[in-house]
Amino acid sequence: MFKISKIDAFGVGLPLKTPIKMSSVVIDIAENIIVRVEDTDGTIGWGEATEAPTMTGESVPGMLAAVKFLTPLLIGRQIDDLSQIHSIMDNLMYGNHGAKSAIEIALLDLSGKRLGKPLYEILGGKVRDEAPILTMLAGGDKDAEVENAKQQSDQGFAAFKVKIGALEPAQDLERSLSARDVLGSGARISADANQGYSRDEALEFSEGAGDAGLDFMEQLLDYRDLDGMAACAQVSKVPLGADEGFHAISDILAHQEKGAAHGGSLKTIKLGGTFPVMEAGRLMDSMSMHVNLAGKVADSSIASAAIAHLALCLPQLDWDTSITNQYLEEDLVDDPIKITGGVVRLSDAPGLGVEPSETLMQKFKIF
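All residue numbers refer to positions counted from 1 along the written sequence of the respective chain. Totals for whole chains, interfaces and linings use all residues, but because this is a predicted model, local features are given only for residues with pLDDT of at least 70 and pairs of side-chain atoms are given and counted only at 80 or more. As a convention, hydrogens and water are excluded, and side-chain values are obtained from all of the structure's heavy atoms.

Caption draft 1: Region of the structure containing the overall build of the chain. Each helix is a run of DSSP H or I of at least 4 residues and each strand a run of E of at least 2, with the numbering of both proceeding from the N terminus. Secondary structure summary: the chain contains 13 helices and 15 strands in total. Here the radius of gyration uses the C-alpha set of atoms, whereas the globule reference equals 2.2 Å times the residue count to the power 0.38. Here the C-alpha atoms of the chain give a radius of gyration of 20 Å, agreeing with the 21 Å that 2.2 N^0.38 yields for 367 residues. Burial statistics for the chain: of 367 residues in total, 57% are counted as buried. Contacts in the chain between residues at least 24 apart in sequence constitute 73% of all its contacts with a sequence separation of at least 6. To measure how exposed things are, a 1.4 Å probe is used in the Shrake-Rupley method; for residues, cover is taken only from the protein chains shown. Approximately 13,900 Å² of the chain is accessible, and the part contributed by carbon and sulfur atoms is 47%. Here's how the labels work: a residue is buried when its accessible area is under 20% of the maximum for its type, exposed when over 50%, partly exposed in between, all with a 1.4 Å probe on protein chains only. Note on contacts: a residue pair qualifies if any of its non-hydrogen atoms lie within 4.5 Å across the two residues.

Here it is in structure tokens:
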């Protein structure tokens, strides 16, 4: 189909509009890698991955090192079957799924440009024309979050996620209930602890989640504690999802078998690319598990475009999609992925449908 001639990668630091408070960290600058792949005909594709040490174990320097290791092993290789890119890289290097996802996205962008097809066609075709976008309430200050929720609702958003785990469960339940009170019954509201609770705290939150008006809750405790997750699922009428716990098909099956999750969040950086996300999404749909699709805080429009294409292709997406370039002060492309009326739509432009700005990339380059 095409042959790889060149791979380059560098790191960027992208300031957020407002710091986002997670369970264990406050993020004000997103540090990501950008990958540029060129084929022997001079066609160029772009990919991106956000560092997530507590989720994937990867940082920007580590991902750059992984790309550097893979580069001489991929140069000169002919890509005939796009769905096998992940398998090819897995045979060359263990782990490092974030770095691999950036390379895979770049190769798919390149292929789409060569074929004149948008990424959603390469992934199997879209099953919806638009996807609802989930937005975060993550400041930790209840009054500020309530005001933010009102503003986002006025803009058309109908899905909201409260970031919990940094405070006591009682405070997080109060924040969740405040979001429900201001947003009303029509909104979908979830709460994500990013592993921030102990088992006792997670059980306390689970028992109160129904009265707090939540539609689902996510990764309340350590990703290795499937027994604790199962206990939380048993004491609550609110469905429980996994995030940090899903890194492979085997993880999804293990959670389902143990009753540790009713669904979960799929990310390219956890699974290694867009094709593995499609495989996981089809499996979860076949097992009647709920699916959330997400970027990490915060992708530029390069990775956000890949997430948007996936959002149009996955069989079901009843826990919505997180597209995170919306949280950036400034994007890396001149025409960013846009969320309008709380949904994302895409053109039929080839590949990802976005092109990074050389000026903006140089402005935010850190490695």
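Caption draft 2: Main features of the nonpolar core. Membership of the largest hydrophobic core comes to 118 residues, with the highest contact counts inside it found for I33, V35, F205, L220 and L266. It is helix α12 (residues 301-313) that contributes the most residues to this core, nine residues altogether. The residues touching V35, leaving out its near neighbours within four places in the chain, are I7, D8, A9, G45, W46, G47, V67, A102, I103 and A106. Within this scheme, the nonpolar core is defined by two criteria: the residues are buried Ala, Val, Leu, Ile, Met, Phe, Trp, Tyr or Cys, and they are joined through side-chain atoms within 4.5 Å.

Caption draft 3: Inspection of unusual backbone geometry at higher detail. A cis amide bond links V297 to the next residue, A298, at an omega of -5°. Position of A298 among the secondary structure elements: in the loop between β12 (290-294) and α12. Positive phi values are uncommon outside glycine, yet Q195 reaches one of about 70°. Within the secondary structure layout, Q195 lies in the loop between β8 (188-192) and α7 (199-209). Of note, the phi angle at Q219 is positive, near 40°, even though the residue is not glycine. Position of Q219 relative to the elements: it lies in the loop between β9 (216-218) and α8 (226-235). According to the relative accessible area criterion, Q219 is buried, its value standing at 0%.

Caption draft 4: Broad picture of a negative patch on the surface. Each patch is assembled from residues with relative accessible area greater than 30% and no salt bridge, linking like charges that lie within 9 Å and nonpolar side chains (Val, Leu, Ile, Met, Phe, Trp, Tyr) that lie within 5 Å. Between Lys or Arg on one side and Asp or Glu on the other, a salt bridge is scored when a side-chain nitrogen of the former is within 4 Å of a carboxyl oxygen of the latter. For this count, His and the chain ends are skipped, Lys and Arg are scored as positive, and Asp and Glu as negative. Every charge is mapped onto a representative atom, which is NZ of Lys, CZ of Arg, CG of Asp or CD of Glu. Together, E168, D200, E204 and E207 give the surface a local cluster of negative charge. Here E204 shows up in helix α7.

Caption draft 5: Highlighting the sheet that holds strand β4 (residues 78-79). With antiparallel pairing, the four strands of this open sheet are ordered in space as β3-β2-β1-β4. The strands lining the two open edges of the sheet, one partner per strand, are β3 (44-50) and β4. One bridge is not enough; two strands pair if DSSP finds at least two bridges between them. As judged from the seven bridges shared by strand β2 (residues 26-39) and β3, these two strands associate in the antiparallel manner. Residue I33 lies in a different strand from β3, and its bridge partner there is A49. A fitted line through C-alpha atoms serves as each axis, taken over the contacting stretch for helices, and the angle formed by two N-to-C directions is quoted from 0 to 180°. The strands touched by helix α3 (residues 97-115) are β1 (2-21), β2 and β3; relative to β3, the strand with the most contacts, the crossing angle is about 155°.

Caption draft 6: Focus on the packing of α8 against helix α9 (residues 249-258). Put simply, α8 and α9 touch, their axes get as near as 10 Å, and they point 50° apart. Taken together, the axis directions place α8 and α9 in an arrangement best described as oblique. Between α8 and α9 lies a crossing of right-handed hand. Contacts between α8 and α9 involve L226, D227 and A230 from the former and A254, H255 and K258 from the latter. For this scheme, ten residues count as nonpolar: Ala, Val, Leu, Ile, Met, Phe, Trp, Tyr, Cys and Pro. Four count as charged, namely Asp, Glu, Lys and Arg, and the remainder, Gly too, count as polar. Residues that form the contact of α8 with α9 fall into these classes: three nonpolar, one polar and two charged. When describing relative orientation, an angle under 35 degrees is termed roughly parallel and one over 145 degrees roughly antiparallel, while 65 to 115 degrees is termed roughly perpendicular and anything else oblique. Crossing handedness is read from the near helix: turned anticlockwise from the far helix by less than a right angle, it gives a left-handed crossing, and turned clockwise, a right-handed one.

Caption draft 7: Structural context of the packing of helix α6 (residues 169-183) against α7. The N-to-C vectors of α6 and α7 enclose an angle of 30°; their axes lie 9 Å apart at closest approach. One finds that α6 runs roughly parallel with respect to α7. Along this stretch, α6 crosses α7, giving a crossing that reads as right-handed. Here α6 contributes P169, A170, D172, L173 and S176 to the contact with α7, which in turn contributes E201, E204, F205, G208 and A209. For the contact of α6 with α7, the per-class residue count stands at five nonpolar, two polar and three charged.

Caption draft 8: Representation of the sheet that holds strand β14 (residues 339-340). Strand order in the open sheet formed by three strands is β5-β15-β14, and the pairing between neighbours is antiparallel. For this open sheet the edge positions go to β5 (131-132) and β14, each flanked by a neighbour on one side alone. Across two bridges, the pairing between β14 and strand β15 (residues 343-344) is antiparallel. In the sheet register, T340 faces β15, and the bridge partner there is V343.

Caption draft 9: Up close: the packing of aromatic side chains. Side-chain rings of Phe, Tyr and Trp (the six-membered ring for Trp) are treated as a pair once their centres are within 6.5 Å; stacked means planes under 30 degrees apart, edge-to-face means over 60, and tilted covers the remaining angles. Counted according to the given criterion, the structure contains two aromatic pairs. Ring geometry for Y197 and F205: centres 5.7 Å apart, planes at 40°, overall tilted. When sorted by exposure, Y197 lands in the same class as F205, which is buried. Each ring, one from F216 and one from W319, has its centre 3.9 Å from the other, and the planes form 5°; the classification is stacked. Here the residue F216 occupies a position in strand β9, and W319 occupies one in the loop between α12 and β13 (321-322), the gap between them amounting to 103 residues. Between the NZ or CZ atom of K365 and the centre of the ring of F10, over which it lies, the distance is 5.2 Å. Look at NZ for Lys and CZ for Arg. If either is within 6 Å of the ring centre and within 35 degrees of the ring normal, a charge sits over the ring.

Caption draft 10: Highlighting the pairing of β2. Burial runs high along β2: ten of the 14 residues are buried. Sheet topology note: the β1/β2 ladder contains 13 bridges and is antiparallel. Considered in β2, the bridge of I20 is made with I27. The turn linking β1 back onto β2 is made up of four residues.

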